[in-house]
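Reading the structure
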Amino acid sequence: AKLAEKGVEVDLATMRAMIEQTPRVAGRMDTQAVSKTLWFLAKLADKGMDVDLAAVRAVYVQARRVAGRMNHPLDVSNTLWAIAKLAEKGLEVDAAAVQTVSEQA
């Protein structure tokens, strides 16, 4: 939505291609990338788009890995918000990720 507001067109095929690559690149994500990727996936789900469960699972694994380095409150809150929003949309919740990230709050 924000890209469209700025006059940048992003087609559905490009969005799906990005999501499909998430499991491949997730292992290189830092705290901010984990937070923003989960936020992005949650926003897509909130707008009714199908979200790839493999992508969500891959980022959950990384959330557990980087949680101890989540020093910025926004990373923690965005990650927890995204997990809650994904759960609200019927996607599975990684309880270990929730607990590990919550410990940083």
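Our subject is the structure listed above.
Remember, predicted model here, so these are calculated numbers, not experimental data.

**Points about the nonpolar core**
Residues Val-34, Leu-38, Val-51, Val-56 and Leu-86 are the most contacted members of the largest nonpolar core, which totals 28 residues. Elements with a contribution of two residues or more to this core: α2 (12-25), α3 (31-46), α4 (53-66), α5 (73-88) and α6 (95-102). Of all the elements, α4 adds the most residues to this core, at seven residues. Sequence-distant contacts of Leu-38, defined by excluding residues within four places in its chain, comprise Val-59, Tyr-60, Thr-79, Ala-82, Ile-83 and Leu-86.

**Regarding the pattern of salt bridges**
Throughout the structure, instances matching the rule amount to five salt bridges. A salt bridge links Lys-89 to Asp-46; the nearest nitrogen and oxygen atoms lie 3.6 Å apart. Residue Lys-89 is located in the loop between α5 and α6, and its partner Asp-46 is located in helix α3; the two are separated by 43 residues in the primary sequence. With a relative accessible area of 34%, Asp-46 lands in the partly exposed category. Glu-92 is paired through a salt bridge with Arg-57; the nearest N and O atoms lie 2.9 Å apart. Of the two residues, Glu-92 is situated in the loop between α5 and α6 and Arg-57 in helix α4; the sequence distance between them amounts to 35 residues. Residue classification places Arg-57 among the partly exposed positions, given a relative accessible area of 41%. Salt bridges sharing partners connect three or more residues here, namely Asp-46, Lys-85, Glu-88 and Lys-89.

**Some remarks on the packing of α3 against α4**
Running from N to C, α3 and α4 cross one another at 145 degrees; their axes reach a closest spacing of 10 Å. Remark: the crossing between α3 and α4 carries left-handed chirality. Together, Thr-31, Val-34, Thr-37, Leu-38 and Leu-41 of α3 and Ala-55, Val-56, Val-59, Tyr-60, Gln-62, Ala-63 and Val-66 of α4 make up the contact between the two elements. Grouping the amino acids of the contact of α3 with α4 by side-chain chemistry returns nine nonpolar, three polar and no charged.

**Quick notes on α4**
Here α4 contains 14 residues, and its C-alpha end-to-end distance of 20 Å stays within 8% of the 20 Å for a straight helix at 1.5 Å per residue. Within the sequence span of α4, burial applies to Ala-55, Val-56, Ala-58, Val-59, Tyr-60, Gln-62, Ala-63 and Val-66. At its buried positions, α4 is contacted by α2, α3, α5 and α6. Of the residues that open α4, the one with a side-chain oxygen 3.2 Å from the backbone nitrogen of Ala-54 is Asp-52.

Parameters at a glance
Residues numbered from 1 in each chain as written. Predicted model: local features only at pLDDT ≥ 70, side-chain atom pairs only at ≥ 80, totals over all residues. Heavy atoms only, no water. Core = buried A, V, L, I, M, F, W, Y, C linked by side-chain atoms within 4.5 Å. Buried < 20%, exposed > 50% of the residue type's maximum accessible area, 1.4 Å probe, protein only. Helix = DSSP H or I, 4+ residues; strand = E, 2+ residues; numbered from the N terminus. Contact = heavy atoms within 4.5 Å. Salt bridge = Lys/Arg side-chain N within 4 Å of Asp/Glu carboxyl O. Axes fitted to C-alpha atoms, helices over the stretch in contact; angles between N-to-C directions. Left-handed = near helix turned anticlockwise from the far one by under 90°. Nonpolar A, V, L, I, M, F, W, Y, C, P; charged D, E, K, R; others polar. Expected span 1.5 Å × (residues − 1). Polar contact = N/O pair within 3.5 Å; in protein donor to acceptor, adjacent residues only side chain to side chain.

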